[in-house]
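Spelled out from the first residue to the last, the chains are:
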Amino acid sequence: MVIKSQQLLVGVSLALSYPVAAQDNNIEHVVVTGEAQPAIVLSPKNAVIDGPFGKDKNLTEIARSVSSISADMLEQLSIDDLQDVLTLVPNTYSASGFGAPSLPTIRGQLGELFQQGMRRQAGNNGFGIPLSFNSVGQIDVVKGAPSVILGSSQRNGGFVNLNNKVASLSGTEIKFQANAGSWQHYRGQLDVNTVIEEGKSALRVSAEYIDNDSYYDFSGFQSEDVFVTFHLLPDSKSSWDISFEYYDVDFTDNAGINRPTQNLIDHGLYITGQGVQPNGSQVPGAFAVVSPTAEVEIPRSTVLTDPDNINNAQTLVFHSTYQRELNTIHSLTNRSYFQYLDREEIAQNSFVEIIDGAKSAQNRLEIHSIWRAEQQTTWGIDLRYNDVLGYSQFTTEADLPIDLLGSIEQRRIPLTDAQKARLVELRPGVYVSPGANYDIDDDGINDFSLSDTTDSTTWQTGLFVEQESEWSERFSTTIGLRADHYDVEARDALAPQGQIAAQDSYSTWLYSGSASARFKLTDAMVSYATYSYNEATSNSMGGGTVLGADNKINPLNFATENTLYELGLKYSPAGTPWYADASIFEQTRSLRNRDGSNTGIVAKGFEAQVFYQGEAFWANLGYSYLDARYDNSASAQDSQQVADAFDNSRPDIIQGTGIGAPNFAGFEASNQRVQGIPQQTVSANLGYQIFDNWDVSGSAIYSKSYPLDYLATVLIRDQITININTTLALSEQSSLRLEVHNLTNETNWRPVFEGGYFGSTLVFPELPRNVQLTYTYNFKA
């Protein structure tokens, strides 16, 4: 499959014209400022941010909290998924995402994922598909809702913008990497850059293969990724970048360990006994009650997985960025994007999520107008299309009744005839919810169970303008406005036999705006104040839109309001190895609940980071404080508390309530602290070049104790993770790198899913100490 993918991608890319303006512009920008980049970039000080806030901005020119992670930082700090971003970026602590995080978490909220400045399809909330970093050359992390240039989206805690690798216009470069790690983890990557016409066009191909066994039971990860990018300078005034990526992955939906009592967190002790439903069945189901039989130590590798689960995804992504200088005032940037996604999960616990084709296409035309040095405008039009056909079923899941130390059969949920009658058979033995509800027997009661099944199409048209004004050498402002028109159609993808498929359409305008001011306190220090207002959409599987219980599109899906107030300082003294920034903020947003309603959240906090990069020593330190609370809003959880799953027959083990679980608890409006998020985190990284051919570095992350569930009956204690690594250059072309993760072998935990819904049900055991060895070979001609 990899060979075929490479042939296809190379053939398509050669047929297309492609250039790389972004990083060429970045290099030019650095030269203009007079500060040369070091050979290895381990500080964001000279990073150039292109797209979200206009053309080629440095960090001090952006009145938002922004962190930029270079390719060198990604490699040096072993950042290979979105969860690892916390190593460098304050306020990015995240849940495990069922073992495969697909979206960032920023300031305690799900964030959006962009690539080349275009919103990328990531599946369903934080539970989507894993992300390969094979194509990534730089990561920019921005706090708060997307800018007016990027437009209205679905998640507003912040966003990550992935900047693609680019092809160099000088010389041939080949980089080969081979990794081997604990539990039979293997990875290989070949990255080849070749010049087609010196100074004019170049091609770069990067292929990655991963084959990982796992520490966890019945788990694994296998993926193939091929990325091809072409860079073209058609003339002295234009550039064109085209990239094409294919990703195929088989992975495990890892739900962690159920029954998260305080004894499990503190001592690794698990309560045994299979739950019994009110009808006497021992198949896991709603309101099942467990009579505890014992409390025993559970291996942390024993998690809620099943050897017969099916879980895979395939996606194809295309990007094009064309830039042209029109005249001395105006320049043009046209960004195009297309993605196709298939995903299939069929789990033995009755959970089903199948995306049978999600197609996303977008084109944004940006005009950059420099009227004079003090007045600049970015304006344009943005068109986006999303079409998704998907089927899901999550109404019969039940995790708390399962005795994880029992047999595999005790984890499985075969559907009863009554449950099947409320679903539709998609294929033999696979039952999913219909995409609408129907009253077949005319008794006034709907007869089906709804999930996220959808066949929906969305057209989004956005108009935007952002004005930058320098009123003096020290004071400047930026004001942005945007309007997005949504035109949505949703249909039942699988109506029950004999029923006419329900459908509905809806259209509306959503608005966003921002205003910021920057004041230079000194040549090295800039202060800023920002206000942002954003109207956003809720989302379901594949970014689609579902029909509600009344078979209508709920207008509340288009009424998610988000605000941001932020004050900050940025310190970037010229000619020194230092960079630092700090900000305080208040951010509000709405969280979509499982039933489609929205819950208000208000997050207040402080964050700071400082970087130093000298000739032989580099270091950075990050700190974040976050107070995230429900904004006088109701909330929901799988069960009120873990004790609901147990009766009180063994009070020496647990004082059970006997209510039964799951019981789909709802909590009244409150200002309760949001569960599953630490209030404070600290991260530190440092490295030292001992000799010309030998360096060592390490990182540490500390998180303060926080409640796992809404009622705070279980706490995740203070935790620390320490990683170290060392690299030895064997020759000018080759090196060997050893990494040790979780050096002190901590027994750390984290939530399984964002939003706290499973806080009383599941908890994820992090990996014990593990090692990885990497061999790298570089060739340049």
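Owing to the predicted nature of the structure, the values given are computational and were not obtained by experimental measurement. Residue numbers here run from 1 along each chain, matching the order of that chain's written sequence. Whole-chain, interface and lining totals are the exception, using all residues; otherwise, since this is a predicted model, local features are given only for residues with pLDDT of at least 70 and side-chain atom pairs are given and counted only at 80 or more. Calculation of side-chain values draws on the structure's entire complement of heavy atoms; hydrogens and water are dropped beforehand.

Visitor: Would you take a moment to explain the overall build of the protein chain for this structure?
Guide: Secondary structure elements are defined from DSSP: runs of H or I of at least 4 residues count as helices, runs of E of at least 2 residues count as strands, and each element is numbered from the N terminus. On a plain count of helices and strands, the protein chain comes out with 5 helices and 44 strands. Radius of gyration means the value over C-alpha atoms here, while the globule rule gives 2.2 Å times the residue count to the 0.38 power. The globule rule puts the C-alpha radius of gyration for 781 residues at 28 Å, and the 26 Å found for the protein chain is close to it. Here the protein chain, with 781 residues, has 60% of them falling under the buried criterion. Intrachain contacts of the protein chain at a sequence separation of at least 6 include 69% that bridge at least 24 residues. Charge assignment: positive for Lys and Arg, negative for Asp and Glu; neither His nor the chain ends contribute. Lysine's charge is taken at NZ, arginine's at CZ, aspartate's at CG and glutamate's at CD. The protein chain carries 50 positive and 92 negative side-chain charges, and their two centres are separated by 4 Å. Note on classification: 1.4 Å probe, protein chains only; a residue is buried when its accessible area is under 20% of the maximum for its type, exposed when over 50%, partly exposed between these limits. Here, residues are in contact when the closest pair of their heavy atoms is within 4.5 Å.

Visitor: Would you explain the sheet that holds strand β43 (residues 762-765) in this entry?
Guide: Pairing between strands requires that DSSP locate at least two bridges from one strand to the other. With antiparallel pairing, 3 strands are arranged side by side in an open sheet as β17-β43-β42. Each of the sheet's edge strands pairs with one partner strand only, and the pair in question is β17 (257-258) and β42 (749-750). Where β17 meets β43, 2 bridges bridge the pair, whose relative direction is antiparallel. Following the sheet pairing, Ile 257 is matched in β43 by Val 763.

Visitor: Which parts of the structure should I look at to understand the environment of Gly 188?
Guide: Note that Gly 188 resides in strand β13 (residues 185-197). Note: C-alpha distance between Gly 188 and Gly 676 (488 residues apart in sequence) is 35 Å. Discounting residues that sit within four places of it in the chain, Gly 188 has contacts with Gln 177, Ala 207, Glu 208 and Tyr 209.

Visitor: What is the right way to read the pairing of strand β11 (residues 158-164) from this model?
Guide: Within a regular beta strand, the side chains point alternately toward one face of the sheet and then the other, so they alternate between its two faces. Across the 7 residues of β11, 7 count as buried, placing the element largely inside the fold. Burial along β11 is two-sided: Gly 158, Val 160, Leu 162 and Asn 164 and Phe 159, Asn 161 and Asn 163, pointing in opposite directions, are all buried. Note: strand β10 (residues 136-143) against β11, 7 bridges, orientation antiparallel. Across the sheet, the residue bridging to Val 141 is Val 160, located in β11.

Visitor: Looking at this structure, I do not really get the environment of Leu 88. What am I missing?
Guide: Tracing the chain through its elements places Leu 88 in the loop between α3 (71-76) and β4 (105-106). In this structure Leu 88 comes out as buried when scored by relative accessible area, which is 3%. Note: C-alpha distance between Leu 88 and Glu 561 (473 residues apart in sequence) is 29 Å. Ignoring sequence-local partners within four residues, the contact set of Leu 88 consists of Ile 69, Met 73, Leu 77, Ile 79, Gln 609, Phe 611, Asn 620 and Asn 685.

Visitor: Mind showing me how you'd approach the nonpolar core here?
Guide: Generally speaking, a soluble globular protein has its nonpolar side chains buried in company with each other. With 37 residues, the main nonpolar core has Ile 257, Phe 646, Ile 716, Trp 749, Leu 762 and Val 763 as its most contacted residues. Ignoring any residue separated from it by four or fewer positions in sequence, one finds Leu 762 in contact with Phe 98, Ala 255, Ile 257, Asn 258, Pro 260, Leu 304, Asp 399, Leu 708 and Val 752. Note on terminology: a nonpolar core comprises buried Ala, Val, Leu, Ile, Met, Phe, Trp, Tyr and Cys residues joined through side-chain atoms within 4.5 Å. Listed in part, the 33 residues of the second largest apolar core include Ile 69, Leu 77, Val 85 and Leu 103.

Visitor: What should I look at first to understand unusual backbone geometry in this one?
Guide: Glycine aside, residues mostly have negative phi, and peptide bonds are mostly found in the trans state. In this model, Ala 661 is joined to Pro 662 through a cis peptide bond whose omega is 0°. Looking at where Pro 662 falls in the secondary structure, it is placed in the loop between β34 (633-637) and β35 (665-670). Positive phi values are uncommon outside glycine, yet Asn 91 reaches one of about 60°. Among the secondary structure elements, Asn 91 is positioned in the loop between α3 and β4.

Visitor: Looking at this model, I keep getting lost on the packing of aromatic side chains. Mind explaining?
Guide: Within a pair of aromatic rings, the relevant descriptors are the distance that separates the centres and the angle that separates the planes. Paired rings are identified among Phe, Tyr and Trp, the last through its six-membered ring, by centres lying within 6.5 Å, and are further divided according to the angle between planes into stacked (under 30 degrees), edge-to-face (over 60) and tilted (the rest). For the structure shown, the criterion picks out 22 aromatic pairs. Relative to Phe 764, the ring of Tyr 216 lies with its centre 5.4 Å away and its plane at 55°, an arrangement referred to as tilted. Taken together, the residues Tyr 216 in the loop between β14 (201-212) and β15 (221-235) and Phe 764 in strand β43 connect sequence positions 548 residues apart. We note that Tyr 216, like Phe 764, is buried. Among the aromatic residues, those joined into a ring-pair cluster are Phe 98, Phe 753, Tyr 757 and Phe 758. Over the aromatic face of Trp 749 sits the side chain of Arg 300, whose NZ or CZ is 4.5 Å from the ring centroid. Criterion for a charge above a ring: Lys NZ or Arg CZ within 6 Å of the ring centre, and within 35 degrees of the ring normal.

Visitor: Looking at this model, I keep getting lost on the sheet that holds β10. Mind explaining?
Guide: Adjacent strands of a sheet pair through backbone hydrogen bonds, lying either parallel or antiparallel. Strand order in the open sheet formed by 5 strands is β3-β10-β11-β6-β7, with mixed pairing between adjacent strands. Two strands in the sheet have a free side with no partner beyond their single neighbour: β3 (66-70) and β7 (118-119). Note that strand β6 (residues 112-115) and β7 share 2 bridges and pair antiparallel. Counterpart to Phe 114 in the pairing with β7 is Arg 119.

Visitor: Any chance you could explain the pattern of salt bridges here in plain terms?
Guide: By convention in these notes, a salt bridge is any Lys or Arg side-chain nitrogen within 4 Å of a carboxyl oxygen on Asp or Glu. Scanning the model with the defined rule gives 32 salt bridges in all. One salt bridge in this structure joins Arg 324 and Asp 235, with 2.9 Å as the shortest N-O distance. Of the two residues, Arg 324 is situated in strand β20 (residues 310-325) and Asp 235 in strand β15; the sequence distance between them amounts to 89 residues. For Arg 324, a relative accessible area of 28% puts it in the partly exposed group. One salt bridge in this structure joins Glu 766 and Arg 750, with 3.2 Å as the shortest N-O distance. One end of the pair, Glu 766, is in the loop between β43 and β44 (770-780); the other, Arg 750, is in strand β42, and 16 residues separate them in sequence. Residue Glu 766 is classed as buried on the basis of its relative accessible area of 17%. Given the relative accessible area of 8%, Arg 750 is considered buried.

Visitor: Help me understand the environment of Leu 304, please; the structure alone is not making it clear to me.
Guide: Along the chain, the position of Leu 304 falls in the loop between β19 (294-297) and β20. Residue class for Leu 304 comes out buried when judged on its relative accessible area of 10%. In the structure, Leu 304 is positioned 232 residues away from Ala 536 in sequence and 34 Å away in space, judged by C-alpha atoms. Leaving out residues up to four positions away in the same chain, Leu 304 has contacts with Asp 253, Ala 255, Gly 256, Asn 258, Asp 399, Ile 402, Leu 404, Arg 411 and Leu 762.

Visitor: Looking at this structure, I do not really get the side chain of Ser 153. What am I missing?
Guide: Tracing the backbone through its elements, the reader meets Ser 153 in the loop between β10 and β11. In this structure Ser 153 comes out as buried when scored by relative accessible area, which is 1%. Definition of a polar contact: a pair of N or O atoms within 3.5 Å, with one able to donate and the other able to accept a hydrogen when the atoms are protein atoms, and with sequence-neighbouring residues admitted only if both atoms are side-chain atoms. A polar side-chain atom of Ser 153 sits 3.4 Å from the main-chain carbonyl oxygen of Arg 155.

Visitor: I keep staring at the confidence of the model for the protein chain and nothing clicks. Help me out?
Guide: For residues with low pLDDT, the predicted coordinates do not support detailed interpretation. Confidence of the predictor in every single residue is expressed as pLDDT, which spans 0 to 100. Summing up the model confidence of the protein chain, the mean pLDDT is 92 and the portion of residues at 70 or higher is 93%. Below pLDDT 50 for its whole length, residues 1-35 participates in 81 contacts with residues either more than four positions away or in separate chains.

Visitor: Mind showing me how you'd approach the pairing of β6 here?
Guide: What you see with β6 is no split at all: Glu 112 and Phe 114 on one side and Leu 113 and Gln 115 on the other are buried throughout. Judged from the 4 bridges that link them, β6 and β11 form a sheet pairing that is parallel. What sits directly across from Gln 115, in β11, is Leu 162. In sequence, β6 turns back onto β7 through a hairpin of 2 residues, with Gln 116 there showing a positive phi of about 55°.

Visitor: Which parts of the structure should I look at to understand the side chain of Gln 719?
Guide: Looking at the element boundaries, Gln 719 is found in strand β40 (residues 719-729). Gln 719 gets classed as buried once you look at its relative accessible area, which sits at 8%. Among the polar contacts made by the side chain of Gln 719, one reaches the main-chain amide nitrogen of Trp 749 at a distance of 2.7 Å. Among all residues touching Gln 719, those that are not within four sequence positions of it are Tyr 93, Ile 701, Tyr 702, Ser 703, Thr 747, Asn 748, Trp 749 and Glu 766.

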